[in-house]
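Examination of the molecular architecture
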Amino acid sequence: MLVDLRVAMNAISLPVHAVPALKDNHIWIFPTGPDSVAVVDPGEDEPVNRFLTERSLRLSHILLTHHHLDHIGGVKGLCARHAPVVIGARADAPRLPALSLPVGDEPSLPLGHLQLRVMTTPGHTTGHVVYHVADALFVGDTLFRYGCGRLFEGTPAHMWHSLLKIRSLPDHTRLFPAHEYTLGNLRFAQALEPDNPDLQQQFETVCRQTDDGAPTLPVDLHWEKQFNPFLRCDDPRFAAKVDKGHLTPVALFAHLREKRNHF
């Protein structure tokens with residue numbers, strides 16, 4: 001058995017395991033029953049199969065945040081060995097392999113012993129979704145620690161409003177991004193606020209973690225509300241620091257995202 005399954009939507013903490021994949025991906029795995037698990041964004045199948053075999057677990061669900069290959073590359077291989085329910089965005093259906101449950105904004109769906117909330121978050125792609133289970137939010141490439149995803153298909157307005165959706169969740173929500181981009185994003189945040197001593201202290205902590213090969217994720221949402229520049233574009237004090245306060249939140253977001261693209 002992976003964990004004690006005393007987990008519900010209002011539980012304190014959902015047990016989540018990180019499986020590293022590709023260059024800097026995290027494949028997140030969490031229990032849906034006594035001997036079953038769900039997997040989020042499997043870019044590869046081999047590390048997931050090894051995890052399942054070593055623990056004698058059954059794969060019940062695959063959750064896909066969007067259609068990029070580094071998030072779906074392992075789906076066909078996993079479906080060939082298992083019989084999971086594959087969940088993904090209705091808007092992305094033609095681009096998702098083995099999709100069996102298309103979703104949009106869904107306030108509550110059964111997921112084994114759990115309840116799943118789905119939120120559409122266009123911006124990185126037009127069909128991106130995130131998954132809220134207990135206190136965990138699997139954010140794919142919409143939000144990273146100290147950063148956010150590039151805009152490959154959506155507009156700045158799309159992404160800003162998607163980030164506001166996430167920001168409205170409870171402070172104790174734990175964020176599970178799909179990539180370990182923390183150090184690079186933190187360097188950018190420091191460049192925007194070089195006089196912020198809290199960011200310098202965090203930089204030293206993150207450097208120690210990465211030097212030790214430790215993941216810097218998950219992170220609590222309340223932390224990102226304080227320090228992630230992309231969640232603070234409507235904060236007048238922050239805006240005054242980075243653009244003298246003359247831009248709208250959407251325009252400031254677009255400005256920062258472009259600066260980050262070339263940082």
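Below you will find a few notes about this structure. Quick caveat, the model's predicted, so the values are computed rather than measured. (Residues numbered from 1 in each chain as written. Predicted model: local features only at pLDDT ≥ 70, side-chain atom pairs only at ≥ 80, totals over all residues. Heavy atoms only, no water.)

Moving on to the nonpolar core. In terms of nonpolar packing, the biggest core is built from 47 residues, with F30, L63, L116, Y131 and F138 touching the most fellow members. The residues contacting F138, other than those within four sequence positions of it, are L14, V16, W28, F30, V40, T65, V130, Y131, V133 and F176. (Core = buried A, V, L, I, M, F, W, Y, C linked by side-chain atoms within 4.5 Å. Buried < 20%, exposed > 50% of the residue type's maximum accessible area, 1.4 Å probe, protein only. Contact = heavy atoms within 4.5 Å.)

Read from one edge of the open sheet, six strands run β1-β2-β3-β4-β5-β6, paired in mixed fashion. Each having just a single partner strand, β1 (17–21) and β6 (101–103) make up the two edges of the open sheet. This sheet shows a mean twist of 25° between the axes of neighbouring strands, independent of strand direction. Taken together, the five bridges between strand β3 (residues 36–40) and strand β4 (residues 58–63) define a ladder with parallel strand orientation. The partner of A38 across the bridge, within β4, is H61. (Pairing = 2+ DSSP bridges. Helix = DSSP H or I, 4+ residues; strand = E, 2+ residues; numbered from the N terminus. Axes fitted to C-alpha atoms, helices over the stretch in contact; angles between N-to-C directions.)

Over its 13 residues, helix α9 (residues 249–261) runs 18 Å from end to end, which matches the ideal 18 Å to within 8%, given 1.5 Å per residue. Among all positions in α9, only L252, F253, L256, R257 and R260 are buried. Each buried residue of α9 sits inside an arc of 135° when the element is viewed along its axis, so together they form one side. (Expected span 1.5 Å × (residues − 1). Arc of directions from axis to C-beta.)

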